[in-house]
Amino acid sequence: MPLLVMKFGGTSVADLARIENAAKKVQKEVERGYDVIVIVSAMSGETNKLVGYVEGTSKLYDAREYDAVVASGENVTAGLMALRLQEMGIPARSWQGWQVPIQTTAQHGSARFVDIPRANIDAKFAEGFKVAVVAGFQGVSPEGRITTLGRGGSDTTAVAFAAAFGAERCDIYTDVDGVYTTDPRVSSKARKLEKIAFEEMLELASLGAKVLQTRSVELAMRYKVRLRVLSSFEDTDETSGTLVCDEEEIMESKVVSGIAFSREEAKITLFTIEDRPGVASAIFGPLADAGVNVDMIVQNISEKDYDDAHPGAVTDMTFSCPINQVERAKKAMEDAKLAGKIGYDELIVDTDVAKVSVVGIGMRSHAGVAAKMFNALAAEGINIKVISTSEIKISVLIDRKYMELAVQALHDAFELEKA
Ligand code: ADP
Ligand code: ASP
Ligand code: MG
């Protein structure tokens, strides 16, 4: 029997009516002859509420209990979806992660898949069940504890199941009808893409486009899963939505295909550090040890310090990291200073920044993308604080208040509204 994976995000299962609407989409595929694995998120807002309960109970919480609490939102929707399908006469049952069992690492809060044994679910399909409804976002550690995969993790559950069960396709149903050139909630000129290459989607996701969790794109790319994003609120067929696929399947790609942004950034500058071999390692070693995900880095060119007390060259080092890691980063730097491993005069944190990135595989073979980007920002009077580039993306850190303006300006400059 051919098999499909269908994933419904939080807004698509936000109440009983929406669960029924989603169930009807599942029914259609069953009627077309598919066995279906349905992956559900928690009702929208539910996971945030559960995280709030944990944080309200314990500041330095035990990550195993955090996972036990926040994974529970998906248990509710999995059961309700199975019940709704049964009401429609479709043989279905729900599966919590541990029942499958979805085996993950013990990295609570950001666990990774180890294995998804097929036997239990296959046995049910063989018995005549048509749908397995699996709670997304969760798994079980080698110690038998409940784990979660990081926010947005149900996308990754869906792709992992599609890979494990050799699904014909993995359909991600959400509250937009596909992947756009940028978040359609930020730019009304955003255009829906028919197809997007895995690599581009991977960059967009990791640079802030939360329409797919980054890890889900990585898995789809590795296991060649046909991944599609489409609307749970519209009538859909095989041609709907956006297909995330190999570069080769895309006939003509633009130099820039999308713009991503992230508000959750912070910038930290260490002023007046010694400019000597080993200083970067003395700064970024402790940050790594403290689990800080450093993103962009700039080191100013060296200035000679003529102060007799501090002979030698000095410089400043700036880096960005997720805003919720600022305290950890500060502490790591202060501890390293106290231990005499680094010296700086001042540490300044700027949390009013945002990162805006342009992404496109066409950049590999086109010059001038950076110049065009910087021009467009300059024309709006937007100052760039930090720049970083890779083969297929350019990111800038700017004042957060200009984020929307920057996205619009870049969308216009690269003419993304035109196909
Ligand atoms: P779900 O709950 O279904 O997982 P998410 O909220 O996680 O949905 O992801 C869908 C949201 O992603 C959209 O509502 C949209 O605001 C946002 N988004 C960000 N960037 C893009 C993009 N390039 N294309 C489409 N949606 C995007
Ligand atoms: N419910 C989880 C979250 O809000 C997982 C998901 O929806 O993908 O992050
Ligand atoms: Mg999501």
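Residues numbered from 1 in each chain as written. Chains lettered and ligands numbered in written order. Predicted model: local features only at pLDDT ≥ 70, side-chain atom pairs only at ≥ 80, totals over all residues. Heavy atoms only, no water.

The protein is annotated in an unreviewed UniProt entry as Aspartokinase of Fuscovulum ytuae. Turning to the protein, the UniProt annotation filed under Catalytic activity (unreviewed entry) states: "L-aspartate + ATP = 4-phospho-L-aspartate + ADP". Of the protein, the UniProt comment under Sequence similarities (unreviewed entry) reads exactly: "Belongs to the aspartokinase family." (UniProt positions renumbered as here; feature names shortened; annotations may be inferred.)

Trainee: Explain the nonpolar core to me, please; I cannot follow it from the model alone.
Mentor: The nonpolar side chains of a soluble globular protein tend to be buried with one another. Counting residues in hydrophobic clusters, the biggest one holds 43 residues, and the most contacted among them are Val 5, Ile 37, Ile 121, Val 134, Phe 161, Cys 170 and Met 201. Ignoring anything within four residues of it in the chain, the contact list for Phe 161 reads Val 5, Ile 37, Ile 39, Val 100, Ile 102, Ile 116, Ile 121 and Val 134. Ranked by size, the runner-up nonpolar core spans 24 residues in total, among them Met 6, Ala 22, Val 26 and Ile 90. (Core = buried A, V, L, I, M, F, W, Y, C linked by side-chain atoms within 4.5 Å. Buried < 20%, exposed > 50% of the residue type's maximum accessible area, 1.4 Å probe, protein only. Contact = heavy atoms within 4.5 Å.)

Trainee: Sorry, what's going on with the pattern of salt bridges here?
Mentor: A side chain of one charge can pair with a side chain of the opposite charge if their charged atoms are brought near each other. The final tally for this structure, using the stated rule, is 27 salt bridges. In this structure, the salt-bridge partner of Arg 228 is Asp 171, at a minimum N-O distance of 2.9 Å. Residue Arg 228 is found in strand β11 (residues 227–231), and its partner Asp 171 is found in strand β9 (residues 169–174); the two are separated by 57 residues along the sequence. In terms of burial, Arg 228 and Asp 171 fall into one category: buried. The partner of Glu 404 in a salt bridge is Arg 263, with the nearest N and O atoms 3.1 Å apart. One end of the pair, Glu 404, is in helix α12 (residues 403–413); the other, Arg 263, is in strand β13 (residues 258–274), with 141 residues separating them in the sequence. On the basis of relative accessible area, Arg 263 is assigned to the partly exposed category, the value being 37%. (Salt bridge = Lys/Arg side-chain N within 4 Å of Asp/Glu carboxyl O. Helix = DSSP H or I, 4+ residues; strand = E, 2+ residues; numbered from the N terminus.)

Trainee: Just checking my understanding: could you explain the site of ligand 1 for this structure?
Mentor: Near ligand 1 lie 16 residues; those nearest to it are Thr 174, Asp 175, Tyr 180, Asp 183 and Arg 185. Measuring from an oxygen atom of ligand 1, one finds a side-chain N or O atom of Arg 185 at 2.6 Å. The residue makeup of the shell around ligand 1, split by class, is 6 nonpolar, 5 polar and 5 charged. (Near = heavy atom within 4 Å. Polar contact = N/O pair within 3.5 Å; in protein donor to acceptor, adjacent residues only side chain to side chain. Nonpolar A, V, L, I, M, F, W, Y, C, P; charged D, E, K, R; others polar.)

Trainee: How should α12 be read in this particular structure?
Mentor: For an α-helix, the turn length of 3.6 residues means that residues three or four places apart are oriented alike. Along α12, the residues that are buried comprise Met 403, Ala 406, Val 407, Ala 409, Leu 410 and His 411. On the buried face of α12, the contacting elements are β13, β17 (346–359), α11 (369–379) and β19 (393–399). A positive backbone phi angle near 50 degrees is found at Glu 415, which sits one or two residues after α12.

Trainee: Sorry, what's going on with the environment of Ser 262 here?
Mentor: By secondary structure assignment, the location of Ser 262 is in strand β13. Along the sequence, Ser 262 and Arg 185 sit 77 residues apart, while their C-alpha atoms lie 14 Å from each other. Engagement of the side chain of Ser 262 in a polar contact is seen with the backbone nitrogen of Glu 264, the distance being 3.3 Å. For Ser 262, the side chain forms a polar contact with the side chain of Glu 265, separated by 2.8 Å.

Trainee: I keep staring at α11 and nothing clicks. Help me out?
Mentor: Within α11, burial applies to Val 369, Met 373, Ala 376 and Leu 377. Each buried residue of α11 lies within a common arc of 95 degrees when the element is viewed along its axis, so the set occupies one face. Away from the buried face of α11 by more than 90 degrees, exposed residues Asn 375, Ala 378 and Ala 379 are located. Considering only its buried residues, α11 is in contact with β17, β19 and α12. A positive phi of about 70 degrees marks Gly 381, the residue just after α11. (Arc of directions from axis to C-beta.)

Trainee: Whenever I open this one, the site of ligand 2 confuses me. Can you help?
Mentor: Around ligand 2, a shell composed of Ser 41, Ala 42, Thr 47, Glu 74, Phe 137, Arg 151, Gly 152, Gly 153 and Ser 154 is seen. Taking Thr 47, its side chain carries an N or O atom lying 2.8 Å from a nitrogen atom of ligand 2. For ligand 2, the accessible surface in isolation is 260 Å², of which the surrounding protein chains cover 86%. Among the residues forming the shell around ligand 2, the class breakdown is 2 nonpolar, 5 polar and 2 charged. (Areas by Shrake-Rupley, 256 points an atom, 1.4 Å probe, with all protein chains shown as cover.)

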